[in-house]
Amino acid sequence: MSSEAYELLAMLMRYIFVVLGAVILLWVIFQLRRDSRAHKKEMKQLPDAGLVGEVVDLDTGKSHPLPREGLMGSGSACDIRLKRRGVRRKHALFSFVDGKGLRIKPHLGSKVEMEGVQLRSSAYALHGTQVTLANAHIRIRLFAGLNVPNPAAFQPDVNRPVFEEEESMDYSAMPPFVQMPMAEEWQEEGYADPWQQPVQPLQQPLPVMPEEGDGEDYVPYQSPVVRHRRSERR
Amino acid sequence: MTDKKNKRRRITPGRAMVSTVMLFFFLAFFLLFLKDFNWQSLMLALAVPVIVLFGSVGISKLFPADTLLLSLTNFLCALGVLVLYRLSPERGLTQAVNYGIGVAAMIGCTLLIRYMPSFRFVNWAFMLGSVALLALPLVIGTEKNGANSWISFGGRSFQPSEIVKLALLISLAHMLSKRKVIVPMGFAAVCVLILAVQNDFGTALLYFGTALVLGYAATGSVLLVGAGAGGAAAAVVLGNMIIPQKFARAMSRVNVWLNPWQDVQGAGYQIVQGLIAMANGGLWGVGLGAGNATVIPEHYNDFIFAVIVNEFGMIFGLIVVAMYALIMIRGIMIARNARGVFHALLATGCAAMLALQVFVIIGGNIKLIPLTGITLPFISYGGTSLVSSLCIIGLMQGVAARNAAGVNEDRELAMQGGGWR
């Protein structure tokens, strides 16, 4: 192609390139906004996303959402802020470890107790473990479904790993319900032992859910969310 | 059956974007083919869109990846190959090979971040290895453009500072996530000092800026940032007073930046030619293959943005800048959605490093700040630079993949009905 013809063609194509570049940019912005909206929608449906439980302040009764890792202390940058006398700005680090629990580590020699035992290094807290940071008392609560050992007596993770030597319990050898003896003072006050009471028959029959074909009263279940088949979309 | 057909016909923004990118590069390489009827250009007109398709869609099918980030990166990399091929076919083809190596490295970095449980045990090795590698050019290095930061090996040369970038990001993010400040900041300061000794002030500025951003993101302390910036300013002033010959090159660049027209044929030649090329391009450019930006020294490297503005125009130049900005925004979004402090800091650091690099080099091209010799990420000629930039994207992709896995875990937890143990 002659240089003049090529120059003309290149000058024509420069507009096309700019238009294509602008179209690509617009598609990117569109996709970015769409992704952002989808993420926000998903986070609304999963309000506990990124959290592993909560921390209950036993002194005030307030609860704080517990992220997977972060910092406890009195500073404004802390994930769990406990404004109490003796609590340092950065008091303890915590991180959730799958299969082990919530690892709590005192920051630079801060005073942290777990179930009354002072921590010298890190230790794992389970659901229901009580932790004391100087004068602040908190209880760890973990969500169901997380891969952590069942709550048990706390053992500091100083020289040996927690729960490693415990044997698994044979649940099949146990009765389905264990009858707990009644407290003596309750017996003295004349309360009847619920385990010794005969089973009372039900006064009213349980309601039966109608099924299809039972009669005119049957109303099939309909989701409140209106859904259209893809083929019906315009 | 109807659903399948409709699914096939459905156009999503992602697919439309990839299609437009493919059309762009087909037309661009085909135009270059029409210039001199070189069969290599025609082959590239067919091959580059296919590579873009694989890079944007194929990779995301193989493992969880952020397709938007992939598409943006692929567009910029392919633009680099196009511009370099138009300037020098040999460089363009070499860049295409480097692009392939970079994509493989990017996948490696993504998998590393996605599946590596912790960097606790390798962090010190990263830090010590980085300092050793960075200091290596002082012993066996070669000088290029005034900076003694290159190592020649088997006929090829590379800059260790491009590899150390990745280790710096991972180490800083790891240490700062453990609420340690002194050690990571000390490590960054040592790296900056070594680079300053090598006269590589552009990369030193990049390291310094990234460390400050990460330090602020981790601690929220303005005092730390102020102390860092003040300390660096004091070090530059003191260094200029004590060893002025070491800072002579940097000072001459500042003087050229202040008035490049003073020495048009000498020190100011490069920046003046760059400004003239961009002015010649105007809003719409002079057309692909019709420009004369090759007169700019280092047009394929430091001044590639001037070449793009010259041939594609100022509007297209702004589109390229907007694409970099969108990569940064995506990086910040990934950091915000991260489940752990380390991953959030890593994504922030990656976005900050790329943003600083783009700002420093484009700012230098348009005479906003003094020019420093660093590359424009993804576009400039240079294997190490391209591979390390793609690795930074890989680190971001790894964090994005972790976020996606975290959302799946949360969804599974929510499906179990919530409640407590």
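Residues numbered from 1 in each chain as written. Chains lettered and ligands numbered in written order. Predicted model: local features only at pLDDT ≥ 70, side-chain atom pairs only at ≥ 80, totals over all residues.

S.K.: Just give me the short version of unusual backbone geometry, but keep the residues and values in it.
M.R.: Even without glycine at this site, Ala134(A) takes up a positive phi of about 50 degrees. Topologically, Ala134(A) is positioned in the loop between β10 (130–133) and β11 (136–142). You will see that Lys367(B), though not glycine, has its phi angle at about 65 degrees, which is positive. Inspection of the secondary structure puts Lys367(B) in the loop between α15 (341–365) and α16 (383–415). (Helix = DSSP H or I, 4+ residues; strand = E, 2+ residues; numbered from the N terminus.)

S.K.: Tell me about helix α5 (residues 89–115) of chain B, residues and numbers included.
M.R.: Residue and element names in this part refer to chain B. End to end, α5 covers 39 Å across 27 residues, agreeing with the expected 39 Å (1.5 Å per residue, within 8%). Listed as buried for α5 are Gly92, Gln95, Ala96, Asn98, Tyr99, Gly102, Val103, Met106, Cys109, Thr110 and Ile113. Of the surrounding elements, those touching the buried residues of α5 are α3 (39–62), α4 (67–87) and α16. (Expected span 1.5 Å × (residues − 1). Buried ≥ 20, exposed ≤ 12 C-beta atoms within 10 Å, placed from the backbone. Contact = placed C-beta atoms within 7 Å.)

S.K.: Kindly report on the sheet that holds strand β2 (residues 147–153) of chain B, identifying the contributing residues and their values.
M.R.: All names here are of chain B. The three strands lie next to each other as β1-β2-β3, forming an open sheet whose pairing is antiparallel. The open sheet is flanked by β1 (142–144) and β3 (156–158), the only strands paired with a single partner. With direction set aside, neighbouring strand axes in the sheet form an average angle of 50 degrees. In the sheet, β2 pairs with β3 via three bridges, with the strands oriented antiparallel. Paired with Phe153 across the strands is Arg156, a residue of β3. (Pairing = 2+ DSSP bridges. Axes fitted to C-alpha atoms, helices over the stretch in contact; angles between N-to-C directions.)

S.K.: Outline the interface of chain A and chain B, listing residues and values.
M.R.: Each partner contributes residues to the interface: chain A has 47 residues there, and chain B has 52 residues. For the side of chain A that touches chain B, the secondary-structure elements that each account for two or more residues are α1 (3–45), β3 (69–73) and β11 of chain A. Across the side of chain A that touches chain B, the residue classes break down as 28 nonpolar, eight polar and 11 charged. (Nonpolar A, V, L, I, M, F, W, Y, C, P; charged D, E, K, R; others polar.)

Bear in mind that shape data such as this cannot, by itself, settle questions of function.
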